[in-house]
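Each chain, written out:
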Amino acid sequence: MNGITAFALSDPIARLLGEWSMGLNTYSIILRIAVAVIFASVIGCERSSKRHSAGLRTFVLISFASTVSMILDIYLMTSYSFSVPVLSAATIIGTAMVSILFSSRNQIKGLTTSAGLWACGILGFTIGAGLYTVTVIVYVFLLCILACFPSLEIYLKNRSNHFEIHLELKSSEYLQDFVAVIRRLGLRIDDIESNLAYVGSGLSVYTITITINSAELKKYKTHKEIIEALSSLEYIYHIEEMR
């Protein structure tokens, strides 16, 4: 009896379902795959509703692949004395590669999606191992993190003295004027990076890191209000905070 099987025997939900759910048989495999698809569907719908790059099918496929690879690894370890979960290791590496793809393509905005895909893969492993109680606990926490934490994150970011903006100027000649306005408002520019992807568009685009120095601004103004005030400058084509 391996460690995973021993742990499954003490699983409250597995004991409630019956002995059939603890081992590998047709019904337990169907149950595990169904749970993986259902749980991943809910997570994928939550991501899709917020228009993230990886949606319903991506999350379901990651969870499905992880669940099946864990089931196969348990079968190989119990039937053929395999000592290493080869397929699970390969799956988690594949999930990491997919996650890196999303991160590199979408930069900062893809990080949460990448981490969510990786976590969904881990969820698939717990389902495939028949650890039903652990699966439910992990699923509830994962869904809460993805669904509830963004509001808290936005609140904490708005309380921060540091933020980053995406700035599009109608001409590079206006950059000096923009810097002068920033200083008059009690803000400090920590870094300016020109975005070469917009070369030839007629716009001068920058990523700018800003620190709020003014005690008055720190007390009364949110990042959104500061950006709305800056957007009224006639030489700014577009400005937004980078999340």
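Refer to the structure presented above.
Values in this document were obtained by computation on a predicted structure and should not be read as measured data.

Secondary structure assignment for the protein yields 10 helices and four strands. Classification of the 243 residues of the protein by burial places 37% in the buried group. Sequence-distant contacts, at least 24 apart, represent 67% of the contacts inside the protein between residues at least 6 apart. For the protein, the computed accessible surface area is about 13900 Å², with 63% contributed by carbon and sulfur atoms.

Its 24 residues give helix H3 (residues 26-49) an end-to-end C-alpha distance of 34 Å, which sits within 8% of 34 Å, the value for a rise of 1.5 Å per residue. Those residues of H3 lying buried are Ser-28, Arg-32, Val-35, Ala-36, Phe-39, Ala-40, Ser-41, Ile-43, Gly-44, Glu-46 and Arg-47. Where the residues of H3 are buried, they touch helix H4 (56-79), helix H6 (111-128) and helix H7 (132-159). At the N-terminal end of H3, a side-chain oxygen is found 3.1 Å from the backbone nitrogen of Tyr-27, two or three residues along, and the residue is Asn-25.

Burial analysis of strand S1 (residues 162-169) places six of its eight residues in the buried class, the great majority of the element. Bridge count between S1 and strand S3 (residues 204-212): eight bridges; the pairing is antiparallel. Bridge pairing in S3 links His-166 to Thr-207. Here five bridges tie S1 to strand S4 (residues 236-241), and the two strands are oriented antiparallel to one another. Bridge assignment links Ile-165 to a residue of S4, and that residue is Glu-241.

Right, let's talk about the sheet that holds S3 for a bit. Strand order in the open sheet formed by four strands is S2-S3-S1-S4, with antiparallel pairing between adjacent strands. Both edges of this open sheet fall to strand S2 (187-194) and S4, since each of them pairs with a single strand only. The average angle at which neighbouring strand axes cross in this sheet is 25°, direction not considered. Its contacts with the sheet put helix H8 (residues 175-184) on S1, S2, S3 and S4, and the angle it makes with S2 is roughly 155°.

In this section: a nonpolar patch on the surface. Taken together, the side chains of Ile-137, Phe-141, Ile-145 and Phe-149 present a nonpolar region at the surface, about 420 Å² in accessible area. Mapped onto the fold, Ile-145 is located in helix H7.

It is worth spelling out the packing of aromatic side chains at this point. This model, assessed by the stated rule, comprises two aromatic pairs. A centroid spacing of 3.9 Å and a plane angle of 15° characterise the contact between Phe-39 and Tyr-139, whose relative ring orientation is stacked. Taken together, the positions of Phe-39 in helix H3 and Tyr-139 in helix H7 put the pair 100 residues apart, joining distant regions of the chain. Here Phe-39 and Tyr-139 have matching classes, each one buried. Measuring from ring centre to ring centre gives 5.0 Å for Tyr-174 and Tyr-235, while their planes differ by 5°; the resulting arrangement is stacked. Residue Tyr-174 is found in the loop between S1 and H8, and its partner Tyr-235 is found in the loop between helix H10 (223-230) and S4; the two are separated by 61 residues along the sequence. Residue Tyr-174 is classed as partly exposed on the basis of its relative accessible area, which comes to 32%.

This part takes up the packing of H3 against H6. Where H3 meets H6, the axes come as close as 9 Å, and the angle between the chain directions of the two elements is 165°. Comparing their axes, H6 and H3 come out roughly antiparallel. For H3 against H6, the interelement crossing comes out right-handed. Here Arg-32, Val-35, Ala-36, Phe-39, Ala-40, Ile-43 and Arg-47 of H3 lie close against H6, whose contacting residues are Thr-112, Thr-113, Cys-120, Leu-123, Ile-127 and Gly-128. Its residues assigned to classes, the contact of H3 with H6 shows eight nonpolar, three polar and two charged.

Reading guide: rules and limits
- Residues numbered from 1 in each chain as written.
- Predicted model: local features only at pLDDT ≥ 70, side-chain atom pairs only at ≥ 80, totals over all residues.
- Heavy atoms only, no water.
- Helix = DSSP H or I, 4+ residues; strand = E, 2+ residues; numbered from the N terminus.
- Buried < 20%, exposed > 50% of the residue type's maximum accessible area, 1.4 Å probe, protein only.
- Contact = heavy atoms within 4.5 Å.
- Areas by Shrake-Rupley, 256 points an atom, 1.4 Å probe, with all protein chains shown as cover.
- Expected span 1.5 Å × (residues − 1).
- Polar contact = N/O pair within 3.5 Å; in protein donor to acceptor, adjacent residues only side chain to side chain.
- Pairing = 2+ DSSP bridges.
- Axes fitted to C-alpha atoms, helices over the stretch in contact; angles between N-to-C directions.
- Patch = residues over 30% accessible without salt bridge, like charges linked within 9 Å, V, L, I, M, F, W, Y side chains within 5 Å.
- Salt bridge = Lys/Arg side-chain N within 4 Å of Asp/Glu carboxyl O.
- Phe/Tyr/Trp six-rings, centres within 6.5 Å; stacked < 30°, edge-to-face > 60°.
- Parallel < 35°, antiparallel > 145°, perpendicular 65-115°, else oblique.
- Left-handed = near helix turned anticlockwise from the far one by under 90°.
- Nonpolar A, V, L, I, M, F, W, Y, C, P; charged D, E, K, R; others polar.

Nothing here speaks to function; it is geometry throughout.
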